[in-house]
Amino acid sequence: MRRHVKMLIFAAAVIGMLAILLLFQALRSENEVALFVTGGAEGFLEPCGCRTSPAGGISRRVTLIEGARAENPSRKIIPVELPPLFMDRGPAKDVINRAFGEFLESRGYFVSPGPGDLQFGEKLRQYYRGDYCLAGEAGFRDGEVVELGGFKHLPFGKKGRLRLLFISETGLSERKLPDPLTLFREKIREAPDDAYIVMGNLSPVTIQEMVKEKVRLLAAVSVWGHMVTSLPQKADNTWAIFLGDKGRRYVLIEIGYFDGRWEAWPRTEYIGKDLKGDPTVDRSVEETLKKAAEMNAAELGRKLSAPSGKAFTGSASCGRCHAKEYAVWKQTRHSSATATLEIDHQEGNPECLVCHTTAFGKGGYPDRKELFEGVGCESCHEPGEGHPPGPQAAMKQGSRNCGSCHTRRDSPNFNEEIYFRMIEHGSGRKEGAVTPETRSEK
Ligand code: HEC
Ligand code: HEC
Ligand code: HEC
Ligand code: HEC
């Protein structure tokens, strides 16, 4: 009899403790959530595993997310990926994008495609099959197409709910999207008492306007064109956070409900070179990059070309007589444009090399790589064969054809006058040259 009572008391105690634990857990989870946000990756699985400043990469994210979990195991961490998500250049893009999508899926990411990603249409589904895929013009949720500005209700918030709102605007993309402000206003009108965090491809101007709305907007997180990451800044009561650098930065936003209102505490940081990655992810990234390199090489092999018309001779050959121009050119970023691609592991990607080398596929790069690395003289001047005494006048013509490479997408700040001043090199005097002056001296 006594034993039964003891056992009953013991059982009651256990149940009681469990109940307290559960309640405690429920209360904690209501207050302790953190968003781990990265963005603008464009399929760069390891944007910079390079010599110069190794940063970024999906593998290191795992370390960071696990670290944040370990810091506070009861806190719920929600990883979020902002657009542009996927790579749209090069023969290996499908392979890379699928690997990236699988990573996001396997880590339970909350994913939002932007205007640039929507060009993939149905293919998006091949890249990413996770449950939530909102924002942009249309997205997917549970396999269904959902409207722009999708919500995710966080599973907490008795007094006031917190909503994550994903909105992107057209920006540099070809894809026209609805006006982000109209959309934002529509959404907050549906639930004006809720708190919000808005995320996506949003211009600074748009965010400024959103901040002015009479609603509790905790934070606006955006990836915008070539804008680089800035430290979180507070405008009124809203944190404005810009992420960039092809997934090289993250922001951890801690969120809590205190004294009757939602609060957010963000901190941005580099996904730094000192971080070790997750070995399993490292291995699969390595495999994917290797496969991509093979596909690039095969495509590059097909790009070998027979020169038609006059032959390109390479910048070094011009340098023999135009020493001054050559020296100036060496100082500009044009001369190192091919090496720049190594930073992103894209030195073999034909679709990048078109603009980052000289005479690509026209008898220059990749036929004789060493001669045609960088944006050389003959990217702007005529092919060198037959000059001199060939037509120097023709060399001048068309040399301001900057726009073929300095497109809106790849060089959004391009201004011909300013940019030309930065590369200006005409000295007028050629060493060993037979110029009109020297000719008359003879
Ligand atoms: C063997 C020496 C030599 C080499 C090599 C050479 N040039 Fe010239 N280049 C000259 C001379 C000499 C003139 C100027 C003749 C004149 O002013 O009438 C000239 C003129 C020019 C001009 C026109 C300048 C002007 O004031 O009108 C351009 C542009 C030019 N060269 C570009 C190049 C480029 C690009 C290459 C390499 C593909 C190259 N040159 C290779 C000797 C050379
Ligand atoms: C064949 C393609 C191509 C052409 C043509 C071209 N550029 Fe460039 N340009 C590039 C690339 C690629 C870079 C970036 C190089 C890098 O950072 O590695 C660049 C970089 C520059 C930069 C450096 C910008 C900076 O922030 O430092 C200037 C300035 C520039 N180009 C001016 C011009 C001008 C002016 C013209 C036309 C006269 C021109 N370019 C034509 C491809 C080109
Ligand atoms: C249509 C031509 C073009 C193509 C294609 C192109 N680039 Fe560029 N890229 C440029 C120009 C022009 C610049 C210089 C932009 C500036 O400074 O205004 C540049 C700059 C860069 C830079 C350094 C500047 C920066 O801050 O980003 C990197 C890195 C780069 N490109 C990588 C790539 C990669 C990787 C690809 C292929 C996936 C690629 N580019 C394809 C034209 C191009
Ligand atoms: C990004 C394009 C670009 C590149 C790269 C470039 N040039 Fe030029 N170059 C120009 C333009 C543009 C002019 C001036 C024509 C004008 O006034 O519009 C010019 C002018 C010149 C002139 C004539 C200067 C004068 O006094 O009239 C020479 C010579 C010349 N370049 C040689 C070179 C050599 C040699 C190289 C490589 C080492 C080179 N350029 C690389 C675009 C380029």
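For the structure itself, consult the block above.
About the thresholds
- Residues numbered from 1 in each chain as written.
- Chains lettered and ligands numbered in written order.
- Predicted model: local features only at pLDDT ≥ 70, side-chain atom pairs only at ≥ 80, totals over all residues.
- Helix = DSSP H or I, 4+ residues; strand = E, 2+ residues; numbered from the N terminus.
- Buried ≥ 20, exposed ≤ 12 C-beta atoms within 10 Å, placed from the backbone.
- Contact = placed C-beta atoms within 7 Å.
- Axes fitted to C-alpha atoms, helices over the stretch in contact; angles between N-to-C directions.
- Parallel < 35°, antiparallel > 145°, perpendicular 65-115°, else oblique.
- Left-handed = near helix turned anticlockwise from the far one by under 90°.
- Nonpolar A, V, L, I, M, F, W, Y, C, P; charged D, E, K, R; others polar.
- Near = placed C-beta within 6 Å.
- Expected span 1.5 Å × (residues − 1).
- Pairing = 2+ DSSP bridges.

Draft legend 1. Broad picture of the overall build of the protein. For the protein, the count of helices and strands is 14 helices and 14 strands. In the protein, buried positions account for 38% of the 442 residues. Excluding contacts between residues fewer than 6 apart, the proportion of contacts in the protein whose partners are at least 24 apart in sequence is 63%.

Draft legend 2. Structural context of the packing of helix α2 (residues 58-71) against helix α7 (residues 279-302). Put simply, α2 and α7 touch, their axes get as near as 8 Å, and they point 165° apart. Between α2 and α7, the angle falls in the class roughly antiparallel. α2 and α7 meet at a crossing whose hand is right-handed. Side by side, α2 and α7 meet where I58, S59 and V62 of the first sit next to V281, D282 and V285 of the second. Across the contact of α2 with α7, the residue classes tally to four nonpolar, one polar and one charged.

Draft legend 3. Focus on the site of ligand 3. Taken together, 19 residues are adjacent to ligand 3, and Q346, C352, C355, D410 and S411 come closest. Considering each element in turn, the shell around ligand 3 owes the most residues, five residues, to helix α11 (residues 350-356). Grouping the amino acids of the shell around ligand 3 by side-chain chemistry returns seven nonpolar, eight polar and four charged.

Draft legend 4. Expanded view of helix α3 (residues 93-106). A rise of 1.5 Å per residue sets the reference length of α3, with its 14 residues, at 20 Å; its end C-alpha atoms lie 20 Å apart and thus fit the reference within 8%. Burial in α3 covers these residues: K93, I96, N97, A99, F100, G101, F103 and L104. Those residues of α3 that are buried lie in contact with α2, β2 (76-82), β3 (110-111), α4 (123-127) and α7. At the exit of α3 stands G108, carrying a positive phi of roughly 65°.

Draft legend 5. Structural context of the packing of α3 against α7. It is at 9 Å that the axes of α3 and α7 come closest, and there the two elements cross at 165°. Our classification of the angle between α3 and α7 gives roughly antiparallel. α3 and α7 meet at a crossing whose hand is right-handed. Residues V95, I96, A99 and F103 of α3 touch α7, and the partners they reach there are V281, S284, T288, K291, A292 and M295. Class assignment for the residues of the contact of α3 with α7 results in seven nonpolar, two polar and one charged.

Draft legend 6. View of unusual backbone geometry. For the bond from P83 to P84, the omega torsion is -5°, close enough to zero to count as cis. Looking at the element boundaries, P84 is found in the loop between β2 and α3. Cis peptide bonds are those with omega within 30 degrees of zero, and the linkage from Y365 to P366 qualifies with 0°. Relative to the helices and strands, P366 is located in the loop between α11 and α12 (392-396). Residues other than glycine seldom take positive phi values, yet D236 does so here, at roughly 50°. Residue placement: D236 occurs in the loop between β11 (233-235) and β12 (238-243). Residue D236 is classed as exposed on the basis of its 8 C-beta neighbours within 10 Å.

Draft legend 7. The pairing of β2, seen in detail. Summarising burial for β2: five of the seven residues are buried, a large majority. Pairing of strand β1 (residues 33-39) with β2, which is carried by seven bridges, proceeds in the parallel orientation. Bridged to G39 within β2 is L82. Across two bridges, the pairing between β2 and β3 is parallel. Bridging across to β3, E81 finds its partner in V111.

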